[in-house]
Amino acid sequence: MTNRAPFAPQEFYHLYNRGTDKRKVFVHTEDYERFICLLYLANSKEPIRIDNMQRAHPAKDFTLLGRALTQERGETLVDIVAYCLMPNHFHLLVREKGGDGISRFMQKLTTGYTMYFNKRYERNGALFQGVFKSEHAEEDRYLKYLLSYIHLNPVKLIDKNWREHGIKNRKKTDAYLERYAYSSYPDYLGRGRPEATVLESTALPRYFETPENFRQNITEWLSYKE
């Protein structure tokens, strides 16, 4: 269900969109990293200044992602509590802070990434399927479910029908999720990545006392079969 009603302050929303004509929107590692840069930099009332940042930090041993996540960005527009990037779509879980923050953030995020993608791959036009979709996490139970749903998305890359027939190799699947670099799952496991700067996990209710408790709650869905 798509929610087009005004976003309510202090409420959580699942935001998502996919590539137009189901095309891939992340082709190379640099594309994923650029989007993660923008998750951080677009979440600000200030303009995005990636070009200025590149000129100011030319060192080859300091990646664009590493530089981006150390930039001062001022007051944020939303609280990002989870994300997952897939080859042809993305999922975000955010809390609205007020002042039309979600709409402003998503406009900056998708416009900035489309400009980057079109320039890199010498194309024109829309990259995503229209306006982003959103679902209001009205109930505590649904909010907790969304944390699992978003973080388990990468399993489809190694077993697209796992929800129908169940997981065949649990150990392999667990290891794949922990290695998948383009979601916030490793950050909740306490991996100490720079990407953790994107998140405001304290905005969530305290569902998980420890990283291991988080892992158990998320991956228990792997035992579920439709």
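Conventions adopted
- Residues numbered from 1 in each chain as written.
- Predicted model: local features only at pLDDT ≥ 70, side-chain atom pairs only at ≥ 80, totals over all residues.
- Heavy atoms only, no water.
- Buried < 20%, exposed > 50% of the residue type's maximum accessible area, 1.4 Å probe, protein only.
- Helix = DSSP H or I, 4+ residues; strand = E, 2+ residues; numbered from the N terminus.
- Pairing = 2+ DSSP bridges.
- Arc of directions from axis to C-beta.
- Contact = heavy atoms within 4.5 Å.
- Salt bridge = Lys/Arg side-chain N within 4 Å of Asp/Glu carboxyl O.
- Phe/Tyr/Trp six-rings, centres within 6.5 Å; stacked < 30°, edge-to-face > 60°.

Colleague: How would you sum up the pairing of strand 1 (residues 12-18)? Please name residues and give values.
Modeller: Of all the 7 residues making up strand 1, 6 are buried; the element is thus mostly covered by neighbouring parts of the structure. Bridging between strand 1 and strand 3 (residues 89-96) involves 7 bridges; their strand directions are antiparallel. Within the sheet, the bridge partner assigned to R18 lies in strand 3 and is H89. Where strand 1 and strand 4 (residues 133-136) come together, 4 bridges link them in antiparallel fashion. Bridge pairing in strand 4 places H14 opposite E135.

Colleague: Can you break down helix 7 (residues 170-179) residue by residue, with the values?
Modeller: Along helix 7, the positions that sit buried rather than exposed are T173, Y176 and L177. All buried residues of helix 7 project into a common sector of 100° when viewed along the axis, lining one side. Along helix 7, the residues that are exposed and aim more than 90 degrees away from the buried face are K171 and R179. As for helix 7, its buried residues are in contact with helix 5 (140-151), helix 8 (185-188) and helix 9 (211-219).

Colleague: So what about the pattern of salt bridges? Which residues, and what values?
Modeller: Between side chains of opposite charge, a pair can form as their charged atoms come close. Following the criterion strictly, the structure yields 11 salt bridges and no others. In this structure, E178 engages R191 in a salt bridge whose closest nitrogen and oxygen atoms are separated by 2.6 Å. In this pair, E178 sits in helix 7 while R191 sits in the loop between helix 8 and helix 9, placing the two residues 13 residues apart along the sequence. Given the relative accessible area of 24%, E178 is considered partly exposed. Its relative accessible area of 41% is what places R191 among the partly exposed residues.

Colleague: Please provide a residue-by-residue account of the packing of aromatic side chains, values included.
Modeller: Scanning all chains against the criterion turns up 22 aromatic pairs. On the numbers, 6.4 Å between centres and 40° between planes, the contact of Y113 with F128 is tilted. In this pair, Y113 sits in helix 4 (residues 101-120) while F128 sits in the loop between helix 4 and strand 4, placing the two residues 15 residues apart along the sequence. The exposure classification of Y113 matches that of F128, with both residues buried. Taking the centre distance of 5.2 Å and the plane angle of 70° together, the rings of Y145 and W221 count as edge-to-face. Pair noted here: Y145 is in helix 5 and W221 is in the segment after helix 9, with a separation of 76 residues, a long-range link. A relative accessible area of 26% means that Y145 is categorised as partly exposed.

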